[in-house]
Amino acid sequence: MDFSDLMKIKVVSVQHRETDLRTTPAPTFVLTSEDIRRSAATSVPDVLRLVPGLEVARVSGNSWAISARGLNGTAANKLLVLVDGRTVYSQVFAGVFWDVQDIPLDSIERIEVILGPGGSLYGANAVNGIINIIRKPATQRQGTAASVTAGSEDRFIGDVSQGWKAGRNAQAVAYAHYREFDALKRFGSSGGNNDEGRFGSGGFRADGVAGDHDWSVSSDVYSGEFHASRTVLSLTAPAREASDFTEVNGQNVIGKVRSKVDSGVVTVQAYYDRTERRIPDFFSEIRDTGEVEFHHEVNAGRRNTFTWGASFRATADRIGNSFSISWDPQNEFNKIYSLFAQDEFRVTPNLFFTLGSKFEHNDYTGWELQPSARAGYTITPDQFLWAAVSRAVRTPSRLDADARILLAVQPGPTTLEVQGGERFDSEIVTAYEAGYRARPAERVYVSLTAFYNRYDDLRSLEQGAPQFVNAPVPYTRIPLFEDNKIWGESYGGGVAPQMDLFSWWRVKAQYSLIHLRLHNDADSLDFITGRTEGNDPQHQALFMSSWNLPHRIELDAYVRWVDELKNLNVDDYTAVDLRLGWAATKNWSVEAVGRDLFRPPHREFSGTAEVEPSVYGKVSWRTR
Amino acid sequence: MAHAMNNTRVVPFRRAFAVILSVFMGLAVSVTAHAEVPPPEHKIKAAFIYNFARFVEWPTAPAGTPIRVGVVGTDRVVSVVREAIDGRLVGDRPVVVEKVTREEDGKNHEVLYVSGNNAAAARRFVSPATGRPVLTITEVDRFLSVGSLVNFFIAEDSVRFAVNADELDKAAIKVSSQMLQFAAIVRADKP
């Protein structure tokens, strides 16, 4: 057999799968492009449901509550999310607007998730984890590709891309994406939840090699509108339901150069991002962000790998006031400087330690220190053990520092308002984690993780003395000052075995457990937060089975069980997703998918939206 | 592949552990030793190695002398490779497969294949052979830090190989473009 024949043979290789025995001393999980393709998902938040240890709850047509290790919420703020190294975490509320992270799944090379604090390398706000979405370079997107999806929930999704060789050592690709999705079902009624929407994006990317340098540049634009309903509070009239469209648009450009130098590898990355969001009568934001980042990995001897780097980020915003949320100041310019260093030291061939820290300076709390110590031990070539202790912080967002948020209007009128301010400090987590990865047999792989987190200075809302305000009408205001008088602990872990029963049948299972307890400080006057910060399922389990059948037919089944959310009156639920795919010819393939099957509509989080069974079909075509 | 598959393997204890795991996770599956086994990954890689030998030129290659393929790895991997290509001819030179256990022995072979995904161990076996006319092959995630010339990886469930362009420039052996056209040429760490 010659090379081209050999390269056509499919093998079962547990050895090289991304979920294989990596010697990373952290709970890493990678979703490869194959995992993503074989999933029943049509969006990034949906595909994140496959990651063990992540909580993903659909809140409405365009919003999700996603967190890791607890403390989930629509404004969940403990997860750092990056796309190609660009932070998509919002400075406004310290969380992620998932509706604009609608990256076409076919353009993703892999999604790396690291649970737990990644502070030492990734900086602040990676308190409970990091999600890094890495898109395919132009080399993997050559030729023409197009796909159309139509379904009951995702009404229409269209993607096209055209890649070409741009010179001897460079490739480029241009792409466009459009999605229109239907509303979810409304709890307690037979009608919809009025949360439908549409989103379009496009961009290009070029990658190349120039001597000892790899470079890449990409740029994207996007625009969308999402129907949403809110309760609008007023001093002079009863609360009313408003239903209108949120408008979003944005542009970004990223450049990166990775160079091999005598001492190792140097990476420089810079990006510019503009984002605009307008929710009528509620909130509007225009934000410009620029960042430059430098990374140097040094081969410091046979036993040592030393990495260090520095970065500078500046962000400027203009935020619009409404009666429900007002901001002081409305326009702000924020700078973040950081420096990090990490050393991996190999004591023996099988034992290594990693010691590192990030030093970050922000305009609200000054310098923050995020150290981490990790160890990894290869017990046998098929077993790896690791342990880590780290500290990470979640720094104040604009919301914490500068916002006044109206929570409720009672007769009087009397208002309950959250008041941000300088009193609010960073939230801190100290995490102790350990894990074990093994390959007990050639086609079996299992990973186990356990963690214990100690949280300090979590956000609390301290009731203050009532204030009497005269405008627009006389009313009493009860302020809730943002402070840090909650502490807590969580512990838990997970197990994820995977097995290739035959070359054509793979099964995976995942189970994770979280136990979270929050406490108020003795002098705390907070009576609300204990509830809003504890919206997590204690148990989650997922079972998946993938079959490669004759005639290039693929069948995938996913069964997911998520425990109840006691605080939000959400029942536990089981969801079944089924996918049938057929590679009809070298260029054409078709898929039929059913999601959330075999059960009535169910809520996954607070709010009125219910996820109901849905189906979609997809046709894809590509040259090559 | 040319040979018929004839491997009825005894179920080792580790297999039983896997079965217990499956049952625990609610799988009622009977995993049997005589389940249909796909071409083992290392059998395919052995076939690649045979093909590499056909397209590599060593500086001194007296007619009829064996092409010694040293394999670092478990006994099982060595026997799979041996069974696949030992005795085959490249021109008039027979392939001889040997297990290599000591780091300094690697350089006494025409081809050195270090199996396993342990970059540190691979580096220790590859270093003594660098600069010498040895085709060094690894299968690690961190290819470029190891110093080998060729690295196996899996892409879309098939075996592929990458060639380190820097090592290629420095190598004491010549690699034909008929082999390079199938390779992923890499020069610096890609994310």
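So, how was this worked out
- Residues numbered from 1 in each chain as written.
- Chains lettered and ligands numbered in written order.
- Predicted model: local features only at pLDDT ≥ 70, side-chain atom pairs only at ≥ 80, totals over all residues.
- Heavy atoms only, no water.
- Helix = DSSP H or I, 4+ residues; strand = E, 2+ residues; numbered from the N terminus.
- Rg over C-alpha atoms; globule rule 2.2 N^0.38 Å.
- Buried < 20%, exposed > 50% of the residue type's maximum accessible area, 1.4 Å probe, protein only.
- Contact = heavy atoms within 4.5 Å.
- 1 Å grid on protein atoms, 1.4 Å probe; cavity = no way out; pocket = protein on both sides within 12 Å on 5 of 7 lines; lining within 4 Å.
- Points joined across faces, edges and corners; volume = space filled by probe spheres on them.
- Nonpolar A, V, L, I, M, F, W, Y, C, P; charged D, E, K, R; others polar.
- Arc of directions from axis to C-beta.
- Pairing = 2+ DSSP bridges.
- Patch = residues over 30% accessible without salt bridge, like charges linked within 9 Å, V, L, I, M, F, W, Y side chains within 5 Å.
- Areas by Shrake-Rupley, 256 points an atom, 1.4 Å probe, with all protein chains shown as cover.
- Salt bridge = Lys/Arg side-chain N within 4 Å of Asp/Glu carboxyl O.
- Lys, Arg positive; Asp, Glu negative; His and termini not counted.
- Charge placed at Lys NZ, Arg CZ, Asp CG, Glu CD.
- pLDDT = per-residue confidence, 0-100.
- Axes fitted to C-alpha atoms, helices over the stretch in contact; angles between N-to-C directions.
- Parallel < 35°, antiparallel > 145°, perpendicular 65-115°, else oblique.
- Left-handed = near helix turned anticlockwise from the far one by under 90°.
- Core = buried A, V, L, I, M, F, W, Y, C linked by side-chain atoms within 4.5 Å.
- Phe/Tyr/Trp six-rings, centres within 6.5 Å; stacked < 30°, edge-to-face > 60°.
- Lys NZ or Arg CZ within 6 Å of the ring centre and 35° of its normal.
- Polar contact = N/O pair within 3.5 Å; in protein donor to acceptor, adjacent residues only side chain to side chain.

All right, on to the overall build of chain A then. What chain A contains, in helices and strands, is six helices and 35 strands. A compact globule built from 624 residues should have a C-alpha radius of gyration of about 25 Å, and chain A, at 25 Å, falls within 12% of that. Projecting the C-alpha coordinates of chain A onto the three principal axes gives extents of approximately 85 × 60 × 45 Å. Sorting the 624 residues of chain A into buried and exposed places 58% on the buried side.

The next thing to look at is the environment of A:Ala388. All names here are of chain A. Looking at the element boundaries, Ala388 is found in strand β22 (residues 383-394). Along the primary structure Ala388 and Asp402 are separated by 14 residues, whereas in three dimensions their C-alpha atoms are 35 Å apart. Ignoring anything within four residues of it in the chain, the contact list for Ala388 reads Pro25, Ala373, Arg374, Ala431, Tyr432 and Glu433.

This paragraph deals with empty space enclosed by the protein. What the rule picks out here adds up to nine cavities of 30 Å³ or more. Its volume calculated, the largest cavity comes out at about 580 Å³. The residue makeup of the lining of the largest cavity, split by class, is 16 nonpolar, 10 polar and 14 charged.

With that settled, consider helix α3 (residues 75-85) of chain B. All names here are of chain B. Along α3, the positions that sit buried rather than exposed are Val77, Val78, Val80, Val81, Ala84 and Ile85. Looking down the long axis of α3, one finds its buried residues gathered within 165° of arc, a one-sided arrangement. Seen from the buried face of α3, the exposed residues on the opposite side, beyond 90 degrees, are Asp75 and Glu83. Against α2 (41-55), β2 (67-72), β4 (93-99) and β5 (111-114) lie the buried residues of α3. Taken from the residues just after α3, Gly87 is the one with a positive phi, measuring 90°.

Quick look at the pairing of strand β1 (residues 28-32) of chain A now. Residues and elements named next belong to chain A. Within β1, five of the five residues are buried, which leaves it mostly tucked inside the rest of the structure. Going residue by residue along β1, you find Thr28, Val30 and Thr32 tucked away on one face and Phe29 and Leu31 tucked away on the opposite face as well. By the bridge criterion, five bridges tie β1 to strand β6 (residues 108-115) in an arrangement that is antiparallel. Among the inter-strand pairings, Phe29 is bridged to a residue of β6, identified as Val113.

Together, A:Arg302, A:Arg303, B:Arg123 and B:Arg142 line one region of the surface with positive charge. Within the secondary structure, A:Arg303 sits in the loop between β16 (283-299) and β17 (304-320). Note on A:Arg303: relative accessible area 47%, which makes it partly exposed.

Averaged over chain B, the pLDDT score is 77; the fraction of residues at 70 or greater is 77%. Among the scores for the predicted complex, ipTM is 0.73 and pTM is 0.76.

Residue and element names in this part refer to chain A. The omega angle of the peptide bond from Asp328 to Pro329 is 10°, so this bond is cis rather than trans. Of note, Pro329 is situated in the loop between β18 (325-327) and β19 (331-348). In this model, Gly412 is joined to Pro413 through a cis peptide bond whose omega is 0°. One non-glycine residue with positive phi stands out, namely Arg552, at about 55°.

All names here are of chain B. Remark: α2 packs on α3, axes separated minimally by 9 Å, with the N-to-C direction vectors making an angle of 50°. Classed by the angle they form, the pair α2 and α3 counts as oblique. Like other packed secondary-structure pairs, α2 and α3 cross with a definite hand, here right-handed. The residues of α3 that touch α2, namely those facing His42, Lys43, Ala46, Ala47, Ile49 and Tyr50, are Val77, Val80, Val81, Ala84 and Ile85. Considered class by class, the residues forming the contact of α2 with α3 number nine nonpolar, one polar and one charged.

Further remarks concern the sheet that holds β6(A). Judged by pairing direction, the sheet is mixed, and its five strands sit side by side in the order β1-β6-β7-β4-β5 (chain A) without closing on themselves. Since the sheet does not close on itself, it has two edges, and those belong to β1 and β5 (86-87) of chain A, each with one partner.

With that out of the way, let us pick up the nonpolar core. By size, the foremost hydrophobic cluster in this structure holds 42 residues, and its most contacted members are B:Phe48, B:Phe52 and B:Phe161. Here this core gets nine residues from one element, more than from any other, and that element is α2(B). Those residues within four positions of B:Phe161 in sequence are excluded, and the remaining contacts are A:Phe3, B:Phe48, B:Phe52, B:Val150, B:Asn151, B:Phe152, B:Phe153, B:Met179, B:Phe182, B:Ala183 and B:Ala184. Membership of the second largest hydrophobic core comes to 31 residues, among which are A:Val83, A:Leu115, A:Leu542 and A:Tyr558.

Another aspect to go through is the packing of aromatic side chains. Enumeration according to the criterion identifies 25 aromatic pairs over all chains in this entry. Taking 6.3 Å as the distance between ring centres and 20° as the angle between the ring planes, the aromatic pair formed by A:Phe352 and A:Phe384 counts as stacked. Note that A:Phe352 is positioned in strand β20 (residues 351-362) and A:Phe384 in strand β22, a separation of 32 residues in sequence. Taken together, the aromatic side chains of A:Phe3, B:Phe48, B:Phe52, B:Phe55, B:Tyr113, B:Phe152, B:Phe161 and B:Phe182 make up a single cluster linked through ring pairs. Here the guanidinium or amino end of A:Arg69 rests over the ring plane of A:Phe451, the centre of that ring lying 4.1 Å away. Lying over the aromatic face of B:Tyr50, B:Arg88 brings its terminal NZ or CZ to 4.5 Å of the ring centre.

Here the focus is the environment of A:Ser216. All names here are of chain A. Structurally, Ser216 is set in strand β13 (residues 213-232). Ser216 gets classed as buried once you look at its relative accessible area, which sits at 18%. Taking C-alpha positions, Ser216 is 9.4 Å from Gln269, a pair spaced 53 residues apart along the chain. With sequence-adjacent residues up to four places away left out, Ser216 is seen in contact with Arg205, Ala206, Asp207, Ile254, Gly255 and Lys256.

Turning our eyes to something else, we now look at a nonpolar patch on the surface. Nonpolar side chains collect at one region of the surface, where A:Leu339, A:Phe359, A:Trp367 and A:Leu369 lie side by side and expose about 420 Å² of accessible area between them. Its place among the elements puts A:Leu369 in strand β21 (residues 366-380).

Let's shift gears to the side chain of A:Glu417. Residues and elements named next belong to chain A. Within the element layout of this structure, Glu417 appears in strand β24 (residues 414-419). In this structure the side chain of Glu417 is engaged in a polar contact, spanning 2.6 Å, whose partner is the side chain of Arg404. One polar contact links Glu417 to Arg477, side chain to side chain, over a distance of 3.1 Å. Here Glu417 is in contact with Arg404, Ile405, Leu406, Leu407, Tyr475, Arg477, Ile478, Pro479 and Leu480, once residues within four sequence places are set aside.

Once that is clear, we can look at the sheet that holds strand β6 (residues 135-138) of chain B. All names here are of chain B. With respect to topology, eight strands assemble into an open sheet ordered β3-β4-β2-β5-β6-β7-β8-β10, the strand pairing being mixed. Either end of the sheet is taken by a strand with one partner, and the two such strands are β3 (89-90) and β10 (184-186). Relative to β4, β3 runs antiparallel, the two sharing two bridges. Residue pairing for β4: Val90 is matched across the bridge by Arg93.

Right, let's get into the side chain of A:Arg205. Residue and element names in this part refer to chain A. Examined against the element boundaries, Arg205 turns out to sit in strand β12 (residues 197-210). At 3.1 Å, the side chain of Arg205 and the side chain of Asp207 are in polar contact. Look past the residues within four positions of Arg205 in its chain and what remains in contact with it is Asp84, Arg135, Lys136, Pro137, Ala138, Gln171, Ala172, Val173, Tyr175, Ser216, Val217 and Ser218.

This next bit is on the pattern of salt bridges. All names here are of chain A. The full count for this structure, using the stated rule, is 61 salt bridges over all chains. The partner of Asp317 in a salt bridge is Arg398, with the nearest N and O atoms 2.6 Å apart. Of this pair, Asp317 sits in strand β17 while Arg398 sits in helix α5 (residues 398-402), and the two are 81 residues apart along the sequence. Comparing Asp317 with Arg398, the two get one shared label, buried. When the shortest N-O distance is used, the salt bridge between Asp483 and Lys485 registers 4.0 Å. Grouping residues by exposure puts Asp483 and Lys485 together as buried. Where salt bridges share partners, they join Glu34, Arg37, Arg38, Glu554, Asp556, Arg579 and Glu591 into one cluster.

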